[in-house]
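# Descriptive analysis of the structure
Take a look at the letters that make up each chain.
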Amino acid sequence: MRFMVIVKASEASEAGVLPTPEEFEAMGKFNEELVDAGVLLAADGLQSSAKGARIYFDGDKKTVVDGPFTESKELIAGYWLVEAKSLEECVERFKRCPNPAPGVQTNIEIRRVFEAEDFGENFTPERQAAVEELRARAAAQHNS
């Protein structure tokens, strides 16, 4: 099973405050544990919402709103994508994570990523093959 572990934004991350060398070191060690365990698929921090945009949909109408966005606790500052046997295993692993926003009460959110079998019969073998083909094409473009 794959899980996305979401780091919530803070006032500091939204202000563009970067981690201290000690914070980089602690998180680097944790990320190394994930790599050594063979569970890390991807991990990145995100720039503040001031450097982003939202696209709102209302039927066929689309409205673009540039950041920054006001509720920092509802924003994402970073993420990990990991492989785990269960939610419980993922939780146990991330209980060892350094606080992503030292000095601030925060949380990380763990969400299971959909797999093909989660979609039931509407996700036909043909649709699955089409999705796999798109993933392969995307990977090939990034590797060239």
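Please refer to the structure placed before this passage.
Residues numbered from 1 in each chain as written. Predicted model: local features only at pLDDT ≥ 70, side-chain atom pairs only at ≥ 80, totals over all residues. Heavy atoms only, no water.

### As for helix H3 (residues 87-94)
Considered for burial, the residues of H3 that qualify are Cys90, Arg93 and Phe94. Burial along H3 is one-sided: seen end-on, the buried residues are contained in an arc of 90°. Looking at the packing, one finds that the buried side of H3 touches strand S1 (2-8), helix H2 (21-36), strand S5 (76-83) and strand S6 (108-112). (Buried < 20%, exposed > 50% of the residue type's maximum accessible area, 1.4 Å probe, protein only. Helix = DSSP H or I, 4+ residues; strand = E, 2+ residues; numbered from the N terminus. Arc of directions from axis to C-beta. Contact = heavy atoms within 4.5 Å.)

### Re the environment of Ala50
Along the polypeptide, Ala50 turns up in the loop between strand S2 (40-45) and strand S3 (53-58). Sequence separation between Ala50 and Phe119 is 69 residues; the distance between their C-alpha atoms is 35 Å.

### A look at the pattern of salt bridges
What the rule picks out here adds up to eight salt bridges. The shortest N-O distance in the salt bridge between Glu25 and Lys29 comes to 3.8 Å. Taken together, the positions of Glu25 and Lys29, both in helix H2 and four residues apart, correspond to about one turn of that helix. The residue Glu33 makes a salt bridge to Arg96 at a minimum N-O spacing of 3.9 Å. Of the two residues, Glu33 is situated in helix H2 and Arg96 in the loop between H3 and S6; the sequence distance between them amounts to 63 residues. (Salt bridge = Lys/Arg side-chain N within 4 Å of Asp/Glu carboxyl O.)

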